[in-house]
Amino acid sequence: MAEPDPEPMASGAGQRLGAPETLGISTLDPGHRPPAMPPGRQVTIRVRMLDDSEELFDISQKASGKVLFDLVCSHMNLIEGDYFGLEFQNHQKMMVWLDHIKPIIKQLRRPKHTILRFAVKFFPPDHAQLLEELTRYLFALQIKQDLSCGRLTCNDSSAALMVSHIIQSEIGDFEESQCRSHLLNNNYIPDQMPLIDKIMEFHSKNIGQTPAESDYQLLEVARRLEMYGIRLHPAKDREGTVLSLAVAHTGVLVFQGHTRINAFNWSKVRKLSFKRKRFLIKLRPDLNSSYQDTLEFLMASRDCCKVFWKICVEYHAFFRLFEEPKPKPKPVLFTRGSSFRFSGRTQKQVIDYVRESEFKKIPFERKHSRVQHNSRLSPLPSPRHHEVPTEVSFLGVVSNSPHLSASSGHSHGMVNGQKSLELCSHSPNGRQPSPLTSPLLNDACSVRTDDEDEVRRKRFPTDRAYFIAKELLTTERTYLKDLEVITSFQSAVGQDEATPDSLKNTILSTFEPLHKFHTGFLREVEQRLALWEGRSNAHIKGDYQRIGDVMLKNLQGLKPLTANLHKQSEVLLELEKACRASRKLEGLCRDFELQKVCYIPLNVFILRPLHRLIHYKQILERLCKHYPATHVDFRDCRAALADVSEVVDQLQGSLVKMENFQKLLELKKDLLGVDNLVVPGRVSLKLKGLPNFNDVILYTSRGMTATNQFKVHGQLPLHGMTIRESEDEWGVPHAFTLVGQRQSVVVAASSLTEMEKWMEDIKMAIETAKTSNGPSSDLLTSNLSDNKCPEDSSVEAESEDDMTASHTSLERPAPHRGNTMVHVCWHRNTSVSMVDFSIAVENQLSGNLLRKFKNSNGWQKLWVVFTNFSLFFYKSHQDDYPLASLPLLGYSVTIPSESENIHKDYVFKLHFKSHIYYFRTESEYTFERWMEVIRSATVPTSRTRVLNSKESHPH
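Predicted model, so just to flag it, every value in this text is computed and none were measured. (Residues numbered from 1 in each chain as written. Predicted model: local features only at pLDDT ≥ 70, side-chain atom pairs only at ≥ 80, totals over all residues. Heavy atoms only, no water.)

S.K.: Would you mind showing me how to read the overall build of the protein chain here?
M.R.: Of regular secondary structure, the protein chain possesses 23 helices and 31 strands. Scored against the burial criterion, the 955 residues of the protein chain give a buried share of 59%. Within the protein chain, contacts between residues separated by at least 24 positions form 68% of all contacts whose residues are at least 6 apart in sequence. With an accessible surface of roughly 39,500 Å², the protein chain has 50% of that area assigned to carbon and sulfur atoms. (Helix = DSSP H or I, 4+ residues; strand = E, 2+ residues; numbered from the N terminus. Buried < 20%, exposed > 50% of the residue type's maximum accessible area, 1.4 Å probe, protein only. Contact = heavy atoms within 4.5 Å. Areas by Shrake-Rupley, 256 points an atom, 1.4 Å probe, with all protein chains shown as cover.)

Encoded structure:
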């Protein structure tokens, strides 16, 4: 669907003047109406935006603060307005936030003479949670203000780096005389002159960075600073020491000057209250803590206490509650305490709404920017797999290719979201807002008409053997690209002195011969398919309508390389050992893994040659099953199958060990507070909130660390463990108890199927532990203080007497370290066993598909790769990295019903909540194959079916 033409907009906070071509994307539908206005005398309110422009709004004096705030957001086409607020100086000369519930007339004594400031109110820990470019632009303006006024303090290097991103956004690529002149005429930080050379040095490294990318990079630097989002409230402790209090997403903070000296996490705070000038923090009982039960701070006045108490209540509600707290009934006779409560959506509600909604994109201008660049065509760089033509502002693709443009949906809404393709949004530092969302590919891209489709069907062969051979071709193309990733890795780290010679030699001797061999093999397959299709010589057929001879010849040529394939385990072990010994090499590997070509974990690429042999075996089995014994191709296919089966049998033991080793390495990166995880003999059985091994179960919670790892709280040895259902005992659906020798833990699954799957796997692990002599060492780090089971906890918000807030807590979404399986499991509330991983190795596929959104008309042709439980999307097979990805855990795959009016052959449907996508294949065989591999990632695995499969296909 074509994007609507941008409507003219008045100058506002969502606009950067000076470059009409410098556009961003807002996802509010242009037809969205401003909030309804109550009757009453109108008053003009002046609002100063983040770009220092001022806007006038006519509003009824009887209107609530929310009506004015919604009017401001509507004026800017701002969807994620929940992070912002309007602040003003009250009659006591204190800066306070406009209350959304109270009428404006009760808050502004002289509304005509009061200037309200539109500002960021809630600072999330990771800007990747901000899904719109406009929202991130407004956050960037807030950081720019905080830097300029000295509120955001930092060292010189950080300040210079942030200013370099600001001027990159405003004046574009570095040109020395222009940059110096601009810095001499514009002050971005106090005492800027001594840092001009350093700013220019950083600016020179930002070449090619778009305004949207500059905003993103600015926020990436800012969010790591101790004073990011901090608003200090002066106070004193009981001894009279001058301090400051502040509130953040994690809890209440204590500062001395600009240095944080203490922090009280929400989970440790039981009650916040104030009595006259005293602000009180009541802590939960903790035997290990030296703090008193109640901490007392003295502030300048009761009103100062109340202002800080209010913002604490709002921060706690926004980041920790599931939903907006309900108002308490008004007492009939007497009132006690404050009636204040948080009003608005919580962050969880915002994120959930975004995921389940779709919006049209409309442009906004960027004030102060001279960059002649359309940010709708501006890709945000992405570390793991796509510095695509994509725009993390989201959720439509945005490209510098003439064949891609921003897509649009149909629904309206106040928070941006999409129903169009819930792929994986990537950020410049490798973080992602969630493994569940990403840029979209536009409907208008490479649309193929039905006439073209019909011509193609008539021109090419329809024999099943042809499509099996074509699967060999398409998957070989993907495999060769994967080998190129490893050879690129060898080039990247091979030149560095931190890389041991033994590792260089192992990688070189293993992958260079494989890459050379498969380059020639792919060429032969392409030539054979071209002859088979008649594209090279239309008169030559017959002998060329087969593939077994090509496979037999090349598989025999592959046999001498079998010794190299045994070295895959050496590569993994050597690389892990070298990374432990060298921080520099570990950093090099991490940086490489964040590049766009490395779309799956690096260790998975290393195992690809072993996986590929299994795929050859499967393809040959299908050909042998299809051909009659008299077919000219049958004998070669059977001989080739015998050859590859022999190699697979020889390598199967190594493959199983290396798959497990690779999963342990991946888990190690996602867990915080665990040592000795990767040891010989340990097997990973399950990924989720309870990582389960063959000797121990760890229980974890979603962390708030900078790397967003899962914090390990404790471990349960499997030796001597029993398991029992506990639904009746605890009244919690799908609950069961893990009874250990020293402690027990009650857990609950998301469904009956999940509970049965967990209990079956854990029982099997317990039985294995009885006969196993495997590792049972303590996995927890020595400094892990919290080894208790995490509990849902919240803050009781109290005023002078006994006002308390809701006790519901929220495990907030946090930034993540890429699209790892543990994060996908967490977001999709599902589980993956080691058996599932084994099945996934066998089910990899690639090829062209036509894709259609639920509410679109055209079909878009894409090159699609299925691996690691995800679909990866490319414009063509020649691309080096995917445009976007779609994790399939939690999705269902079905055939469209008649009521969906698809009326095409070989179409399957992917569905998750409100996200619906249709994919169209070219033949019955390819339809069956795509359904088969996708079901392997979306349908819960039956252990009986798996065991039967293992028996019939030993490996």
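After presenting the structure, the write-up continues.
S.K.: Would you explain the environment of Ala492 in this entry?
M.R.: The residue Ala492 is located in helix H10 (residues 464-494) in this model. Judged by relative accessible area, Ala492 falls into the partly exposed class, the value being 41%. Sequence separation between Ala492 and Cys589 is 97 residues, and the spatial gap between their C-alpha atoms is 8.9 Å.

S.K.: Would you mind showing me how to read the pattern of salt bridges here?
M.R.: Working definition: two side chains of opposite charge can pair if their charged atoms are close together. As enumerated under the stated definition, the model contains 34 salt bridges in all. As a salt-bridge pair, Glu54 and Arg46 come within 3.0 Å of each other at their nearest N and O atoms. Of the charged contacts in the structure, one is a salt bridge between Arg612 and Glu476, with a shortest N-O distance of 2.9 Å. Here Arg612 is found in helix H16 (residues 602-626), whereas its partner Glu476 is found in helix H10, with 136 residues between them in sequence. Given the relative accessible area of 3%, Arg612 is considered buried. Where salt bridges share partners, they join Asp126, Glu220, Arg223 and Arg224 into one cluster. (Salt bridge = Lys/Arg side-chain N within 4 Å of Asp/Glu carboxyl O.)

S.K.: When you look at the sheet that holds strand S22 (residues 744-748) in this model, what are you seeing that I'm missing?
M.R.: Hydrogen bonding along the main chain pairs the strands of a sheet, whether they run parallel or antiparallel. Strand order across the open sheet formed by 3 strands is S20-S21-S22, with antiparallel pairing between neighbours. Each edge of the open sheet is held by one strand with a lone partner, namely strand S20 (722-725) and S22. For this sheet the average axis-to-axis angle between neighbouring strands, irrespective of direction, equals 20 degrees. Where strand S21 (residues 735-739) lies against S22, 5 bridges are found, and the strand directions are antiparallel. (Pairing = 2+ DSSP bridges. Axes fitted to C-alpha atoms, helices over the stretch in contact; angles between N-to-C directions.)

S.K.: Help me understand the packing of aromatic side chains, please; the structure alone is not making it clear to me.
M.R.: Two aromatic rings are characterised by how far apart their centres lie and by the angle between their planes. Tallied over the entire structure, the rule returns 26 aromatic pairs. Taken together, a centroid distance of 5.5 Å and an interplanar angle of 85 degrees make the contact between Tyr599 and Phe605 edge-to-face. Cluster of aromatic residues (ring-pair linked, three or more members): Phe69, Tyr83, Phe84, Phe118, Phe122, Phe123, Phe139, Tyr228, Tyr315, Phe318 and Phe319. Directly above the ring of Tyr881 sits Lys596, whose terminal nitrogen or CZ lies 5.2 Å from the centroid. The ring of Trp859 has Arg920 sitting right over it, with the charged end atom 5.3 Å from the ring centre. (Phe/Tyr/Trp six-rings, centres within 6.5 Å; stacked < 30°, edge-to-face > 60°. Lys NZ or Arg CZ within 6 Å of the ring centre and 35° of its normal.)

S.K.: Please explain the nonpolar core as it appears in this structure.
M.R.: In globular proteins that are soluble, nonpolar side chains generally tend to be buried together. Membership of the largest hydrophobic core comes to 97 residues, with the highest contact counts inside it found for Leu68, Phe84, Phe118, Phe279 and Ile281. Split by domain, the residues of this core number at least three in each of domain 1 (42-121) and domain 2 (229-326 + 340-357). The residues contacting Ile281, other than those within four sequence positions of it, are Val252, Phe264, Val269, Lys271, Leu272, Asp293, Thr294, Leu295 and Phe297. In terms of nonpolar packing, the next biggest core, distinct from the first, is built from 76 residues, Val525, Leu529, Ala640 and Val647 among them. (Core = buried A, V, L, I, M, F, W, Y, C linked by side-chain atoms within 4.5 Å. Domains from an automatic or database assignment.)

S.K.: What is the right way to read unusual backbone geometry from this model?
M.R.: What you tend to see is this: most non-glycine residues have negative phi, and most peptide bonds are trans. Even without a glycine there, the phi angle at Arg276 is positive, about 55 degrees. The exposure class assigned to Arg276 is exposed, which follows from its relative accessible area of 62%. If you check the backbone angles, Asn901 has positive phi at about 55 degrees while not being a glycine. By the element assignment, Asn901 lies in the loop between strand S29 (892-894) and strand S30 (907-912).

S.K.: Could you clarify how one ought to interpret helix H11 (residues 501-533) in this entry?
M.R.: Each full turn of the α-helix corresponds to 3.6 residues, which orients residues three or four apart in the same direction. The terminal C-alpha atoms of H11 lie 47 Å apart, and with 33 residues this matches the ideal 48 Å at 1.5 Å per residue to within 8%. Where H11 terminates, the next one or two residues include Gly534, which has phi positive at roughly 80 degrees. (Expected span 1.5 Å × (residues − 1).)

S.K.: Is there a simple way to explain the packing of H10 against H11 in this structure?
M.R.: For any two helices packed against each other, one specifies the inter-axial angle together with the distance between the axes. The geometry of H10 relative to H11 is characterised by a closest axis approach of 8 Å and an angle of 150 degrees between their N-to-C directions. On the basis of the axis angle, H10 is roughly antiparallel to H11. Remark: the crossing between H10 and H11 carries left-handed chirality. In terms of residue class, the contact of H10 with H11 is made up of 20 nonpolar, 6 polar and 8 charged. (Parallel < 35°, antiparallel > 145°, perpendicular 65-115°, else oblique. Left-handed = near helix turned anticlockwise from the far one by under 90°. Nonpolar A, V, L, I, M, F, W, Y, C, P; charged D, E, K, R; others polar.)

S.K.: Looking at this model, I keep getting lost on the packing of helix H2 (residues 133-149) against helix H3 (residues 156-171). Mind explaining?
M.R.: At a minimum axis distance of 11 Å, the contact between H2 and H3 shows a crossing angle of 130 degrees. As judged from the angle between their axes, H2 and H3 are oblique. Taken as a pair, H2 and H3 cross one another with a handedness that is left-handed. Contact residues: H2 offers Ile143, Lys144 and Leu147, while H3 offers Met162, Ile166 and Glu170. Of the residues assigned to the contact of H2 with H3, the class counts are 4 nonpolar, no polar and 2 charged.

S.K.: How should I be thinking about the sheet that holds strand S6 (residues 115-120) in this particular structure?
M.R.: Taken in spatial order, the 5 strands make up an open sheet running S3-S2-S6-S4-S5, and their pairing is mixed. Looking at which strands have only one partner, the edges of the open sheet turn out to be strand S3 (54-60) and strand S5 (95-97). Adjacent strand axes in the sheet meet at a mean angle of 35 degrees, parallel and antiparallel pairs treated alike. Here strand S4 (residues 84-89) runs beside S5; their pairing, made up of 3 bridges, is antiparallel. Bridged to Gln89 within S5 is Met95. Packing against the sheet, helix H1 (residues 65-76) makes contact with strand S2 (42-48), S3, S4 and S6, and its axis sits at approximately 135 degrees to S3.

S.K.: What's the story with the environment of Gly520 in this structure? I'm lost.
M.R.: Residue placement: Gly520 occurs in helix H11. Given a relative accessible area of 18%, Gly520 falls into the buried group.

S.K.: Would you mind showing me how to read the state of the cysteines here?
M.R.: Each disulfide is one covalent bond, formed between the sulfur atoms of two cysteines. Following the criterion strictly, the structure yields 0 disulfides and no others. Not part of a disulfide, Cys304 finds its nearest cysteine sulfur in Cys305, a span of 7.2 Å. (Disulfide = S-S within 2.5 Å.)

S.K.: Looking at this structure, how should I read the pairing of strand S25 (residues 845-853)?
M.R.: The two faces of the sheet receive side chains in turn, since in a regular strand these alternate between them. Counting buried residues along S25, 8 of its 9 residues qualify, which places the element largely inside the surrounding structure. As defined by bridge partners, S25 adjoins strand S26 (residues 860-867) across 7 bridges and the pair is classed as antiparallel. Counted as the bridge partner of Leu850 is Lys861 from S26. Both S25 and strand S31 (residues 915-920) contribute to a ladder of 4 bridges, which runs antiparallel. Residue Lys852 lies in a different strand from S31, and its bridge partner there is Tyr918.

S.K.: Got a minute to help me understand the side chain of Ser582 in this structure?
M.R.: For Ser582, the location among the structural elements is in the loop between helix H14 (568-581) and helix H15 (583-593). Engagement of the side chain of Ser582 in a polar contact is seen with the backbone nitrogen of Leu585, the distance being 3.1 Å. (Polar contact = N/O pair within 3.5 Å; in protein donor to acceptor, adjacent residues only side chain to side chain.)

S.K.: Where do I start with the environment of Arg276 in this structure?
M.R.: By secondary structure assignment, the location of Arg276 is in the loop between strand S11 (269-275) and strand S12 (278-283). Sequence separation between Arg276 and Cys305 is 29 residues, and the spatial gap between their C-alpha atoms is 7.7 Å.

S.K.: Just checking my understanding: could you explain the side chain of Thr499 for this structure?
M.R.: Relative to the helices and strands, Thr499 is located in the loop between H10 and H11. By relative accessible area, which is 2% here, Thr499 ends up buried. Side-chain polar atoms of Thr499 contact the backbone oxygen of Val493, separated by 2.6 Å. Not counting residues within four places of it along the chain, the set of residues in contact with Thr499 comprises Val493, Lys504 and Leu585.

S.K.: Quick question: what am I supposed to make of the confidence of the model for the protein chain here?
M.R.: Of all residues in the protein chain, 70% have pLDDT values of 70 or greater, and the mean over the chain is 75. In this model, residues 1-32 is a region of pLDDT below 50 whose contacts with residues beyond four sequence positions or in other chains number 133 contacts. In this model, residues 680-692 is a region of pLDDT below 50 whose contacts with residues beyond four sequence positions or in other chains number 71 contacts. (pLDDT = per-residue confidence, 0-100.)

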